[in-house]
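# What the coordinates show
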Amino acid sequence: GDDGCDLRRLRGLVMCGAFMCSGSMALPVSSFPNMAAISIADEKTGDSYLRARQLIPFGVCFTAATAVVIVTIGYPLVCAIVAPR
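Below: a short report on this structure.

### A closer look at the environment of Met-15
- Among the secondary structure elements, Met-15 is positioned in helix 1 (residues 7-23).
- The exposure class of Met-15 is partly exposed, given its relative accessible area of 35%.
- Along the primary structure Met-15 and Gly-74 are separated by 59 residues, whereas in three dimensions their C-alpha atoms are 9.6 Å apart.
- The residues touching Met-15, leaving out its near neighbours within four places in the chain, are Val-78 and Val-82.

Here it is, written out as structure tokens:
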């Protein structure tokens, strides 16, 4: 029977959600490597080599670009691959 849910569409949404989570890993505190990079400091001066504000422009741009790609071509492509009709 038809329960109102299109399983193909749901599989595509789950896959795109996973891709979007991967795309958001470019933000400064969203992943362990980024946190580790921010926390490394010069032993002599105690100053950090990187600051969060240095990672934010790249992270925001990369996350926004990932969202645009997923919305425009990613979702239809994933639906066609994951659950062909």
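### Re the packing of aromatic side chains
- If you walk through the whole model with that rule in mind, you get one aromatic pair.
- On the numbers, 5.8 Å between centres and 20° between planes, the contact of Phe-58 with Phe-62 is stacked. Of the two residues, Phe-58 and Phe-62 both sit in helix 3 (residues 52-82), four residues apart, roughly one turn of that helix.
- What makes Phe-62 partly exposed here is its relative accessible area of 39%.

### A short note on helix 3
- With 31 residues, helix 3 should cover 45 Å at 1.5 Å per step; its first-to-last C-alpha distance of 37 Å lies more than 12% under that length.
- Of all the bends in helix 3, the largest measures some 55° and sits at Gly-74, one to four residues before the proline Pro-76.
- Along helix 3, the residues that are buried comprise Leu-55, Gly-59, Thr-63, Thr-66, Ile-70, Gly-74, Val-78 and Cys-79.

### Remarks on the side chain of Thr-66
- Residue placement: Thr-66 occurs in helix 3.
- Of the residues examined, Thr-66 reaches a relative accessible area of 15% and is grouped as buried.
- One polar contact links the side chain of Thr-66 to the main-chain carbonyl oxygen of Phe-62, over a distance of 2.8 Å.
- With sequence-adjacent residues up to four places away left out, Thr-66 is seen in contact with Phe-19, Met-20 and Gly-23.

Definitions and limits used
Residues numbered from 1 in each chain as written. Predicted model: local features only at pLDDT ≥ 70, side-chain atom pairs only at ≥ 80, totals over all residues. Heavy atoms only, no water. Helix = DSSP H or I, 4+ residues; strand = E, 2+ residues; numbered from the N terminus. Buried < 20%, exposed > 50% of the residue type's maximum accessible area, 1.4 Å probe, protein only. Contact = heavy atoms within 4.5 Å. Phe/Tyr/Trp six-rings, centres within 6.5 Å; stacked < 30°, edge-to-face > 60°. Expected span 1.5 Å × (residues − 1). Bend = angle between axes of the 7 residues up to and from the residue. Polar contact = N/O pair within 3.5 Å; in protein donor to acceptor, adjacent residues only side chain to side chain.

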